[in-house]
Amino acid sequence: MPLIAEVAVSGTAYSFDMLFSYAVPENFSDTIACGCRVLVTFGKGNNRRIGVVMKLTEGESKGLKSLVAVVDETPVISAELLKLAFYLRENTFCTYFDAVKTMLPPAMSVSAKETFRLVKNFTDISSLSPQAAALLEDLSVVSGSRELNELAEKYIISHGRRDIDELCDAGALETDNVFRQAVGDAAVRMVRLTEKYMAEPECFNLTPKQKKVADFLGEFGAAAVKEAAYMCGVTDAVVKRLCANGAAEEYEAEVLRKVEDFADEQRSPEDIVLSEQQQNARDAVFAQLSERKPAVFLLHGVTGSGKTSVFEKLIDDTVKMRRQAMLLIPEIGLTPQILKRFRSMFGERVAVIHSGLSLGQRLDEYKRIKRGGADIVIGTRSAVFAPLDNIGLIIIDEEGERSYKSDSSPRYITHDIAKQRCAYHNASLLLASATPSIESYYLAERGAYRLLEMNERYGNSPLPEVSIIDMNLERGDGNRTEFSRKLAEEISLNLKNGEQSILLLNRRGYHTIISCCDCYQPVYCPNCSVPLTYHKKNNKLMCHYCGYVSDPIEECPSCGSKHLKNMGFGTQKLEEELNMFFPKARILRMDADTTFSRYSYEKNFTDFREGKYDIMIGTQMIGKGLDFPNVTLVGVLSVDKALYAGDFRSYERTFSLITQVVGRGGRGQRRGRAVLQTFIPEHYIMNLAAAQDYKGFYNEEIAIRRAMIFPPLCDMCIFCFSGNEDISARLGADAVLKLMNLRLRELQPKTPVRVLGPVRCSYGRINGKYRYRIIMKCKNNAEMRGFISIVLTEAAKLKEMKNIALYADMNGDVGV
């Protein structure tokens, strides 16, 4: 029976996405496999697109289009990851191709270039249609292959492929497909002796210099061209002439682009001494590893309890079992510190994957993992798809972080992908944090996860002493600066004692709002409903959402008034005021404006660790996972606004940020202090975070969510609409709401469903698009996922949805 390939085709929309069937030509039947990329014709115009073979079956191929070409000699996606692609498609409502694409490094994306050439002496013109014959005549009079290909491409764009394909089928035109990878393999020019020279060296008349190179190659087999020339004391030209004589030949050898690791001195896992609580946590996970059965653990350890040492021991246990381990971290900024620590212990067995690497580096790390050159993978969210084939352990550090949720298609949660992979490999999943997500702790309480506790700092060092400062009293006493008197005194004390300080301000820029004193309107971004932020460093007004940049303005865009007031403060202004109050202090600012360079995180953090700076100020990137023994003071300048971000998770995120940044202090020999400045000192979140009381916070938060029916007491799907016109986006959302109500009445779901909206998003316009959303509280089961899929498919056919983009995000954020 003929082979049928079920292909995920690129460029489809969810509303018409499916696996498309193609006949496999006999000449491809021996090479094609599931997971290979192919070139196919698609649609009425037979446009050529890249696809991925998801299934191979036998059956009747009559009436099916045939595959045009097979791109890969071997599958780029394993059977496990193909299975995961089906899971992604069902649970995140993405296309099949997007599901596969997200698992591969961006550098592996391929494009097809089609080239044409005329067949000489073609005479059967009478068999052609008039259109094809006219096209053949036009192609015959052009001069050169370049002009011929340009004419053919233009014809395809304007008239489609039918006439071109007719010429190819008739034998008047031949075509080839050239596949180009986004980033090529790195290679070095090598040289080796030919078989002819090695069999009969006396037949070659070589110069003394050429003979010297030939003898060198005879001894060492092969060498880089430059290396051979250098070792023999000759120029590259001598090596080239040796090749021209037929005695040697050049070839290219692949080299892998290395990731700079700044490794510490070599350490051994045997050197790690665990406390009793650390040992108990390690033993529990190790027992599960030994059983080779899937399980999920939640390690709740206070800041400074030594979770990383537990990770090191467990990863060492895993690789000793000849299995593979993965450590996921939330921020790129944490990668160099963690990589340095693990490379010093496990050497080149550690691979790293994150978006801060160059495309070539990510590609080569991917290859190294796939070839078995690394059995430990460290990285951010995307590393969860690393091509490991024998996973024993996956660790997700700071598991409650928002960055583990993808904001673009496919909109997956890293935890869910990790659970799927652990189930496939019979592996253990370890979630760890000082501030676990409410969802994870809820599941641990119910027994779905095994809860492990480490409530003491390593070495029994005390948690920082936290002072809550009421900034209302500071203002009442005439202090108009951003520093309370207490914080200023503590900074002065640290500078005097040679100790370091960290100050958190989760706002970039200099002034956060430019406001009109007459009409009271802030200066908004022209593309977004977001106020522009003034950046003094480049003297520009900038939008942190769409990237819009403008020169400072002198007139209000709304009323024309020239009475403008600068309000708010960001990290740039904080840096300026610190320099004014503490002129001798060495200050390091860490935010998105100072970390453009690939290695800026590592360089700046290393300099701070080595004592080259006294004070580090920054946004939330400095709040988690960093370990600086000489930091004894942490100041939190302003987090009040985060409590009212319009998202049911705003309390959780604020508590987590304060708790984590306070925990950066006192990790060495001296006890830490923390100063928390706020205008709402009586708020329970501030007091619980100051006390590092996670369980107290959890009890308060879960009670609110139970009363309001929010996750984890339910699941929540957000339908997001965006369009160029406000009224169109609103009408589209209204139409989809009617469709949802109609289908729900027909479905009569077995579990309760609540639909809220449509409402304008918190930021109603971003990057020129007006935005609305519908929130559906439901149970994430097969029945409801099927319902969501039907809504997305049928919504695309509604006339109100013309030019309106729609996607569904299960358990997404509602505060943006």
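Structure first, text after, so check above.
Reading guide: rules and limits
Residues numbered from 1 in each chain as written. Predicted model: local features only at pLDDT ≥ 70, side-chain atom pairs only at ≥ 80, totals over all residues. Heavy atoms only, no water. Helix = DSSP H or I, 4+ residues; strand = E, 2+ residues; numbered from the N terminus. Rg over C-alpha atoms; globule rule 2.2 N^0.38 Å. Buried < 20%, exposed > 50% of the residue type's maximum accessible area, 1.4 Å probe, protein only. Contact = heavy atoms within 4.5 Å. Areas by Shrake-Rupley, 256 points an atom, 1.4 Å probe, with all protein chains shown as cover. Axes fitted to C-alpha atoms, helices over the stretch in contact; angles between N-to-C directions. Left-handed = near helix turned anticlockwise from the far one by under 90°. Nonpolar A, V, L, I, M, F, W, Y, C, P; charged D, E, K, R; others polar. Pairing = 2+ DSSP bridges.

Colleague: A description of the overall build of the protein chain should follow, citing residues and the corresponding values.
Modeller: Across its full length, the protein chain carries 24 helices and 32 strands. Taken over C-alpha atoms, the radius of gyration comes to 31 Å for the protein chain, in line with the 28 Å a tight globule of 816 residues would show. In terms of its C-alpha atoms, the protein chain occupies a principal-axis envelope of roughly 95 × 75 × 65 Å. A buried classification covers 52% of the 816 residues belonging to the protein chain. Nonlocal contacts in the protein chain, meaning residues at least 24 apart in sequence, comprise 76% of its contacts between residues at least 6 apart. Carbon together with sulfur atoms contributes 50% to the accessible area of the protein chain, which is approximately 37,500 Å² in total.

Colleague: Let's hear about the packing of helix H11 (residues 307-320) against helix H12 (residues 335-346): which residues, and what values?
Modeller: Orientation of H11 relative to H12, taken along the N-to-C sense of each, is 35°, at an axis distance of 12 Å. H11 and H12 meet at a crossing whose hand is right-handed. The residues of H12 that touch H11, namely those facing Thr308, Ser309, Phe311, Glu312, Ile315 and Asp316, are Arg341, Phe342, Met345 and Phe346. When its residues are assigned to classes, the contact of H11 with H12 shows five nonpolar, two polar and three charged.

Colleague: Go over the sheet that holds strand E19 (residues 500-505), please, and point to the residues and values.
Modeller: Ordered by their spatial adjacency, six strands build an open sheet running E18-E28-E27-E19-E26-E25, and the pairing between neighbours is parallel. Two strands close off the open sheet at either side, each with one partner strand: strand E18 (465-470) and strand E25 (587-590). On average, adjacent strands in this sheet sit at an angle of 15° to one another, irrespective of strand direction. With four bridges connecting them, E19 and strand E26 (residues 615-618) associate as parallel partners. Bridge pairing in E26 links leucine 504 to glycine 618. On the sheet, helix H20 (residues 650-662) packs against E18, E19, strand E27 (631-638) and strand E28 (673-678) and is oriented at approximately 155° with respect to E27.

Colleague: Run through the sheet that holds strand E22 (residues 540-542), naming residues and quoting values.
Modeller: Taken together, three strands build an open sheet; the order of strands is E21-E22-E23 and the sheet is antiparallel. Bordering the open sheet on either side are strand E21 (533-535) and strand E23 (549-550), each of which pairs with just one other strand. Where E21 lies against E22, three bridges are found, and the strand directions are antiparallel. Along E22, the bridge assignment pairs tyrosine 534 with leucine 541.

Colleague: I'd like a rundown of helix H18 (residues 571-581), residues and numbers included.
Modeller: Of the residues making up H18, those classed as buried are Thr571, Gln572, Lys573, Leu574, Glu577 and Leu578. In this structure, the buried residues of H18 make contact with helix H17 (485-497), E19, E21, E25, E26 and E27.

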